[in-house]
Amino acid sequence: MDSVIAEDLAAFLFAFVAGMLVQRSRFCNTAALRDAILFKTYRNTKALLVAMIILTLGFTTFMTFGAGKPMKFDVGLNQVIGLFLFGIGMVLAGACTVSTWVKSGEGNVGAMWALLFTFVGMFLFSLSWSANFWPPAPTSMTGDPNLPALQFGYSNAATLQEKYGIPAIVFGAIQALVLYAIYRAIRRKEIARENKHGAHAVEQECTSCDAHASLPEAADKAVE
Amino acid sequence: MEAIRNMEFFNKTLDPVIALSAIAILDIFLFLVVGAWTVGGGETMMTGLFAQAIMGEDAVARIPFWSLVFKPDPGYWKIYISLGMLCGSFVSAVISREFYLRFPRRLSEWLMITVGGLLMGIGIRLAFVCNVSTFFGLTPEMNMGGYLSITGIIAGAWVGSMIYKKILEG
């Protein structure tokens, strides 16, 4: 029981600080994708990439030594379809799982409404799901590909290390370099634009991810 | 209180690169203790607990999902991720005088948020994954699920953005 309380406390403390940092920085995962697609602005995208580089190096370093608690479950086509639906939903709602909680904490009723319907969506899904249905329950997962169920099994940096005898951190370093190359490409685009329009245009990046609090501004940009 | 309020942290918008770097370092510690940052699992557990409170324990236990995949458990650590973010953001918003009730103004916004919320909930359950575990958990662990999820979320965000643009242009 004590370890459960310790786990809950660690999670709460982490999230409390994360909530403050997200609130103060107006970071938004939805904006990181939406603004890059619609407005070609990358304020949040760059932050997302930097975090992913740090995490990749950190996680794979510890995984090399068998430390840490990576997620373990079989993956398959349901991840692609599920996150596809999620991606449409987060842009329509103007918030993702983090910003719904953070914006709710700021008193944003639209974000609370989005949360309420996330719960409703989850409950509706639970009603339609059964063990014979898809995706398969974690209890029936074996870690190996199960193609009739469109499942590809389980693999991560630690399983790569086991399979090829190359330390997980090497794979991590390669992934970090790929992420850095994307970051560099974005920076180059930004610098080219700065030179074209002056620094002012970049300052005016869409910084808000309020659930629709910034609609008129966003509309102007979209029409441009 | 005034001294805290006057801190630069609560008066200026923080650079998201700095904020996310700090979160990433903390997330590495969390990964060592319980597991990487994730939100969808906690939300699912909360859905189960709400369902239990409304429909009763027996009725919920008869739905296979709540007995085979997610047995409602108030001790599940991921619930406290959601509550922590809510409290942290509330405290930070109050200190920086940014807490006030804001409502979506138009009916179309309420509708978009409703549909968006439903799609997020269904999507998380179908995938066993949310956007946070995609970007801050699975992909940095180099889990194959992370790459599958990123493919899905970018395609979805693109379709969503096109719909959003259409609606904005009316």
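Residues numbered from 1 in each chain as written. Chains lettered and ligands numbered in written order. Predicted model: local features only at pLDDT ≥ 70, side-chain atom pairs only at ≥ 80, totals over all residues.

Chemist: What's the story with the overall build of chain B in this structure? I'm lost.
Modeler: Looking only at helices and strands, chain B features 9 helices and 0 strands. Counting helices and strands in the order they occur from the N terminus, chain B gives α-α-α-α-α-α-α-α-α. Counting only C-alpha atoms and orienting by the principal axes, one finds that chain B spans roughly 55 × 50 × 40 Å. When the 170 residues of chain B are sorted by exposure, 52% land in the buried category. For chain B, the proportion of contacts with a sequence separation of at least 24, taken over those separated by at least 6, is 58%. (Helix = DSSP H or I, 4+ residues; strand = E, 2+ residues; numbered from the N terminus. Buried ≥ 20, exposed ≤ 12 C-beta atoms within 10 Å, placed from the backbone. Contact = placed C-beta atoms within 7 Å.)

Chemist: Where do I start with the overall build of chain A in this structure?
Modeler: Summing up its helical and strand segments, chain A has 10 helices and 2 strands in all. Going residue by residue from the N terminus, the α and β elements of chain A occur as α-α-α-β-α-α-α-β-α-α-α-α. Here chain A holds 224 residues, and 52% of them are scored as buried. Of the contacts formed within chain A by residues at least 6 apart in sequence, a portion of 66% connects residues at least 24 apart.

Chemist: What am I meant to see in the environment of W66 of chain B here?
Modeler: Relative to the helices and strands, W66 of chain B resides in helix α5 (residues 64–68). Exposure remark for W66 of chain B: the 23 C-beta atoms within 10 Å place this residue in the buried category. Spatially, the C-alpha atoms of W66 of chain B and A51 of chain B are 9.8 Å apart, while their sequence positions differ by 15 residues. In contact with W66 of chain B, other than residues within four places in its own chain, are S126 of chain A together with G48, V60, A61, K71 and P72 of chain B.

Chemist: Got a minute to help me understand the interface of chain B and chain A in this structure?
Modeler: Interface size is often expressed as the accessible area that is lost when the parts come together. Across the boundary between the two partners, chain B contributes 115 residues, which contact 114 residues of chain A. Elements that contribute at least two residues to the side of chain B that touches chain A include exactly α2 (16–33), α3 (40–55), α5, α6 (77–95), α7 (107–127), α8 (131–138) and α9 (144–169) of chain B. Top element by residues in the side of chain B that touches chain A is α9 of chain B. It accounts for 20 residues. By residue class, the composition of the side of chain B that touches chain A is 74 nonpolar, 30 polar and 11 charged. (Nonpolar A, V, L, I, M, F, W, Y, C, P; charged D, E, K, R; others polar.)

Chemist: What exactly am I supposed to notice about the packing of helix α3 (residues 43–64) of chain A against α2 of chain B here?
Modeler: Axis angle and axis distance: for two packed helices, these are the angle between their axes and the distance between the axes, and together they describe the pair. At their nearest, the axes of α3 of chain A and α2 of chain B sit 8 Å apart, and the two run at 25 degrees to each other. Between α3 of chain A and α2 of chain B, the interaxial angle falls into the category roughly parallel. As for how α3 of chain A packs across α2 of chain B, the hand of that crossing is right-handed. Seen from α3 of chain A, the contacting residues are R43, N44, K46, A47, L48, V50, A51, I54, L55, G58, F59 and F62 of chain A; seen from α2 of chain B, they are P16, V17, A19, L20, S21, I23, A24, I25, D27, I28, F31 and L32 of chain B. Residues of the contact of α3 of chain A with α2 of chain B, tallied by class, amount to 18 nonpolar, 3 polar and 3 charged. (Axes fitted to C-alpha atoms, helices over the stretch in contact; angles between N-to-C directions. Parallel < 35°, antiparallel > 145°, perpendicular 65-115°, else oblique. Left-handed = near helix turned anticlockwise from the far one by under 90°.)

Chemist: Teacher, can you tell me more about α8 of chain B here?
Modeler: Note that an α-helix has 3.6 residues per turn; residues three or four places apart therefore point the same way. Counting buried positions along α8 of chain B gives 8 out of 8 residues, so the element sits mostly inside the fold. Residues of α8 of chain B that are buried: N131, V132, S133, T134, F135, F136, G137 and L138 of chain B.

Purely spatial values, then, with no claim about function.
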